[in-house]
Amino acid sequence: MTDDGASAALAATLAGHIRDIPDFPKPGVVFKDITPMLAHAATFEAAIAGLAGPFAEAEIGAVVGIEARGFIVAAPVALRLDAGFVPVRKAGKLPWEIEREEYELEYGTDLLEIHRDAVVPGERVLVVDDVLATGGTAAATVRLLERLGAEVVGLAFLIELGFLSGRAKLPDRPVTSLITY
Ligand code: AMP
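**Quick notes on the sheet that holds strand β5 (residues 98-104)**
Read from one edge of the open sheet, seven strands run β5-β6-β4-β3-β7-β8-β9, paired in mixed fashion. The sheet is open, and its two borders are formed by β5 and β9 (175-180), each paired with just one other strand. Going from strand to strand, the sheet's axes swing by 20° on average, the running direction of each strand aside. As defined by bridge partners, β5 adjoins strand β6 (residues 109-115) across seven bridges and the pair is classed as antiparallel. Bridging across to β6, E102 finds its partner in L111. Across the sheet, helix α3 (residues 41-52) lies against β7 (124-132), β8 (151-160) and β9, angled at about 145° from β8, the strand it touches most. Against the sheet, helix α5 (residues 136-147) contacts β3 (62-66), β4 (84-90), β5, β6, β7 and β8, and its axis sits at roughly 150° relative to β5.

**Thoughts on the packing of aromatic side chains**
Evaluated as defined, the whole model comprises two aromatic pairs. For the ring pair F24 and F31, a centre distance of 5.2 Å and an interplane angle of 85° mean the geometry is edge-to-face. In this structure F24 comes out as partly exposed when scored by relative accessible area, which is 43%. Judged by its relative accessible area of 19%, F31 is buried. Aromatic side chains F71 and F85 sit 5.8 Å apart centroid to centroid with 85° between the ring planes, which places their arrangement in the edge-to-face category.

So, how was this worked out
- Residues numbered from 1 in each chain as written.
- Predicted model: local features only at pLDDT ≥ 70, side-chain atom pairs only at ≥ 80, totals over all residues.
- Heavy atoms only, no water.
- Pairing = 2+ DSSP bridges.
- Helix = DSSP H or I, 4+ residues; strand = E, 2+ residues; numbered from the N terminus.
- Axes fitted to C-alpha atoms, helices over the stretch in contact; angles between N-to-C directions.
- Contact = heavy atoms within 4.5 Å.
- Phe/Tyr/Trp six-rings, centres within 6.5 Å; stacked < 30°, edge-to-face > 60°.
- Buried < 20%, exposed > 50% of the residue type's maximum accessible area, 1.4 Å probe, protein only.

Right under this line is the structure:
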């Protein structure tokens with residue numbers, strides 16, 4: 001099977017374990033529920049392998065997960081890449097000195113935070129989250145990491161909502177996703 005064939009097969013497997021929840025958390029949003037995938041060991045394992053695979057030779061020092069579902073996916077990717085895990089959290093959760101970045105929501109803004117010593121200047125990092133939607137969260141995470149001097153080698157998502165054009169907020173960076181809607 002070619003790489004394209006393998007990734008098409010993985011996308012098909014994932015599709016069978018992702019549940020659409022209409023009008024959650026508010027009317028008009030179709031929420032992509034990954035809990036069936038997480039509960040199915042073989043599919044979860046295949047997803048982690050699919051996320052880590054393109055970066056196996058990239059000498060990643062840290063995998064950065066975005067709260068909260070990003071943590072579930074980023075931590076096993078980190079172990080698979082022999083890298084550390086770094087959490088990016090919502091405001092007020094991290095106990096030590098932080099850097100903070102604002103990002104836009106549909107209505108208003110929110111804050112993301114990272115510990116100041118979470119990465120070292122020049123460190124090669126991979127950002128992982130469950131869903132790339134508008135890209136605002138991922139772009140704010142990239143800004144945080146670059147402010148700390150890290151090199152963002154790429155971003156990897158289980159799911160990309162292509163119709164929201166999140167990639168446009170992440171120009172000039174390798175972005176991979178396992179399944180696009
Ligand atoms: P965005 O900043 O718009 O790219 O949104 C990305 C964040 O919101 C991710 O951390 C996702 O967990 C979450 N998210 C956005 N849209 C959805 C969706 N349709 N289903 C599940 N999670 C979503």
